[in-house]
Amino acid sequence: MIRVGLGYDLHRLVENRKLILGGVVIPFEKGEDGHSDGDVLFHAITDAVLGASGLGDIGSFFPPEEAKWKDADSSMLLSTVIEKVYEQGWKIENLDCVIKLEKPKFIPYRQEVICSIAKVLKIEESQVFVKAKTGEKLGDVGNGLAVEVWSTCLLSK
């Protein structure tokens, strides 16, 4: 059996927060505003994996209204979820992600981010790809106000 999951997340960019993508801190004057550490990439991946496995979504596992998830490390959240997915007999075949971010440039950090994702998911780096697009100066992303991510995941059993 194979299943595909789609994950999506959007976070406002604000001052006095770290910009974290896939567990990697990227130097920038703004970071994601969120209840946890705000790692929009790990959040989208978490939802993609959960959607493909049929186990729920990130909000049902880690409700934002619960104080214990305040400033939580998103790699820990994804690790918790992936263990449950693997316990159900699922295997990740591949993961493909798109980050929509006006600034900073993502390409210098891509390989480090791919390595971080693969490590958390306990898969090969060749099973993960991450690409970036700008907002072309349009909308919240294009005006530097937000970062958006889409992720697809193929699981097999």
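Structural data are supplied above this passage.
Residues numbered from 1 in each chain as written. Predicted model: local features only at pLDDT ≥ 70, side-chain atom pairs only at ≥ 80, totals over all residues. Heavy atoms only, no water.

**Q** With reference to specific residues and values, describe the packing of aromatic side chains.
**A** In the structure shown here, the tally under the stated rule is three aromatic pairs. Relative to Trp69, the ring of Phe62 has its centre 4.8 Å away and its plane inclined at 80 degrees; by these criteria the two rings are edge-to-face. In this structure, Phe62 and Trp69 share a single accessibility class: buried. (Phe/Tyr/Trp six-rings, centres within 6.5 Å; stacked < 30°, edge-to-face > 60°. Buried < 20%, exposed > 50% of the residue type's maximum accessible area, 1.4 Å probe, protein only.)

**Q** Hey, could you go over the sheet that holds strand 6 (residues 128-133) for me, with residue numbers and the actual values?
**A** Sheet architecture is open: five strands sit in the order 4-1-7-5-6, paired in mixed fashion. Looking at the sheet topology across the chains shown, the edges are occupied by strand 4 (30-32) and strand 6. Ignoring which end each strand starts from, the neighbouring axes of this sheet average 20 degrees apart. The sheet contacts of helix 1 (residues 40-53) involve strand 1 (2-15), strand 4, strand 5 (91-100), strand 6 and strand 7 (146-156), and relative to strand 1 the element is tilted by about 155 degrees. Along the sheet face, helix 4 (residues 110-121) touches strand 5 and strand 6 and points at about 140 degrees away from the line of strand 6. (Pairing = 2+ DSSP bridges. Helix = DSSP H or I, 4+ residues; strand = E, 2+ residues; numbered from the N terminus. Axes fitted to C-alpha atoms, helices over the stretch in contact; angles between N-to-C directions. Contact = heavy atoms within 4.5 Å.)

**Q** How would you explain helix 4 if you had to name every residue and give the values?
**A** Residues separated by three or four positions in an α-helix point in the same direction, a consequence of the helix having 3.6 residues per turn. For helix 4, built from 12 residues, the straight-helix expectation of 16 Å at 1.5 Å per residue is met to within 8% by its first-to-last C-alpha distance of 17 Å. Each element contacted by the buried residues of helix 4 is listed here: strand 2 (19-21), strand 3 (24-26), helix 1, helix 3 (74-87), strand 5 and strand 6. At the exit of helix 4 stands Lys122, carrying a positive phi of roughly 60 degrees. (Expected span 1.5 Å × (residues − 1).)

**Q** Give me the lowdown on unusual backbone geometry, citing residues and values where you can.
**A** The omega torsion of the bond from Lys103 to Pro104 falls at -5 degrees, within 30 degrees of zero and hence cis. With respect to the secondary-structure elements, Pro104 resides in the loop between strand 5 and helix 4. A positive phi angle, near 60 degrees, is found at Lys122, a position not held by glycine. In this structure, Lys122 sits in the loop between helix 4 and strand 6. One non-glycine residue with positive phi stands out, namely Lys137, at about 65 degrees. Note that Lys137 resides in the loop between strand 6 and helix 5 (139-142).

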